[in-house]
Amino acid sequence: CVRSWMAVGNSLTNMIWKKFCLIFYTLRLCYCSTQPLLCQVFLQVLGCNIAFYISEHFINSKIDVLYKKFGKKRGNKLIEKFSNMKLSTLATIMAFPFTPAFLINILAGVSKMNQKKFLVACFIGKIFMVYFWGYVGTSLIESFKNPIVLLRITILLTITFIISKIVNKKYELD
């Protein structure tokens, strides 16, 4: 009886140790000086896709709330515009640092947007958004006061648009 409890204790200790090592390695990967940008982009894309999945499968059935608020005609128009959005436009909107990501994720899921198109746009857009917050890092009001920050945002959005056009041309996601 004692040996069986010792075996359970050892296996439990090994499992906890392995999970601790995995968590430690993940934190080291995220906060090490060489790879924080990629780790943050990965986590942002993962979070956006979880929100997309939840809105696609659970919120879509409760779309009547949107229709009551905006009217059925206006709600359909908004969802239709979002579902027909081009990859370059979606990636540029996601790259803009002051856009509410939760709203984009929910609208993309509700509008039955192609998940591959959403994933690619999310990845392209989030790289530049994370870069902005990590290395430029100003608020909306400070951005309007400093023309150099506005120039940086414009350059980042232009690069995002160009890269998304190239990816779209190569993989035909629209």
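Structure first, text after, so check above.
Residues numbered from 1 in each chain as written. Predicted model: local features only at pLDDT ≥ 70, side-chain atom pairs only at ≥ 80, totals over all residues. Heavy atoms only, no water.

## Remarks on the overall build of the protein
A tally of regular secondary structure across the protein gives nine helices and zero strands. Moving toward the C terminus, one meets the helices and strands of the protein in the order α-α-α-α-α-α-α-α-α. Counting over 174 residues, the protein shows a buried share of 30%. Considering only intrachain contacts with a sequence separation of at least 6, the fraction spanning at least 24 residues in the protein is 77%. Approximately 12,000 Å² of the protein is accessible, and the part contributed by carbon and sulfur atoms is 68%. (Helix = DSSP H or I, 4+ residues; strand = E, 2+ residues; numbered from the N terminus. Buried < 20%, exposed > 50% of the residue type's maximum accessible area, 1.4 Å probe, protein only. Contact = heavy atoms within 4.5 Å. Areas by Shrake-Rupley, 256 points an atom, 1.4 Å probe, with all protein chains shown as cover.)

## Quick look at the packing of helix α2 (residues 36-59) against helix α6 (residues 101-110)
At their nearest, the axes of α2 and α6 sit 7 Å apart, and the two run at 45° to each other. Taken as axis vectors, α2 and α6 run oblique relative to one another. For the crossing formed where α2 meets α6, the hand is right-handed. Mapping the contact onto sequence places Cys48, Ala51, Phe52, Ser55, Glu56 and Ile59 in α2 and Asn105, Ile106, Ala108, Gly109 and Val110 in α6. Of the residues belonging to the contact of α2 with α6, the class tally is seven nonpolar, three polar and one charged. (Axes fitted to C-alpha atoms, helices over the stretch in contact; angles between N-to-C directions. Parallel < 35°, antiparallel > 145°, perpendicular 65-115°, else oblique. Left-handed = near helix turned anticlockwise from the far one by under 90°. Nonpolar A, V, L, I, M, F, W, Y, C, P; charged D, E, K, R; others polar.)

## Section: empty space enclosed by the protein
Under the defined criterion, the tally for this structure stands at two cavities of 30 Å³ or more. Volume-wise, the largest cavity comes out at about 40 Å³. In this structure, the largest cavity is lined by Ile93, Met94, Phe96, Thr99, Ala101, Ile104 and Lys126. At the level of elements, α5 (87-95) and α6 are the ones that each hand at least two residues to the lining of the largest cavity. Its residues placed into classes, the lining of the largest cavity shows five nonpolar, one polar and one charged. Empty space within the second largest cavity amounts to approximately 30 Å³. Lining the second largest cavity, in full, are Ala95, Pro97, Phe128, Ile153, Leu156, Leu157 and Thr160. With four residues, the top contributor of residues to the lining of the second largest cavity is helix α9 (residues 147-171). A class-by-class count of the residues in the lining of the second largest cavity yields six nonpolar, one polar and no charged. (1 Å grid on protein atoms, 1.4 Å probe; cavity = no way out; pocket = protein on both sides within 12 Å on 5 of 7 lines; lining within 4 Å. Points joined across faces, edges and corners; volume = space filled by probe spheres on them.)

## What about the pattern of salt bridges?
One pass over the structure, following the stated rule, counts one salt bridge. The partner of Lys117 in a salt bridge is Asp174, and the shortest N-O contact between them spans 3.8 Å. Of this pair, Lys117 sits in helix α7 (residues 115-136) while Asp174 is found in the segment after α9, placing the two residues 57 residues apart along the sequence. Assessed through its relative accessible area of 6%, Lys117 is described here as buried. Using a relative accessible area of 46% as the deciding quantity, one classes Asp174 as partly exposed. (Salt bridge = Lys/Arg side-chain N within 4 Å of Asp/Glu carboxyl O.)

## A few points about the side chain of Ser111
Mapped onto the fold, Ser111 is located in the loop between α6 and α7. Overall, Ser111 belongs to the buried group, its relative accessible area being 7%. Here Ser111 is in contact with Ile79, Phe82 and Ser83, once residues within four sequence places are set aside.

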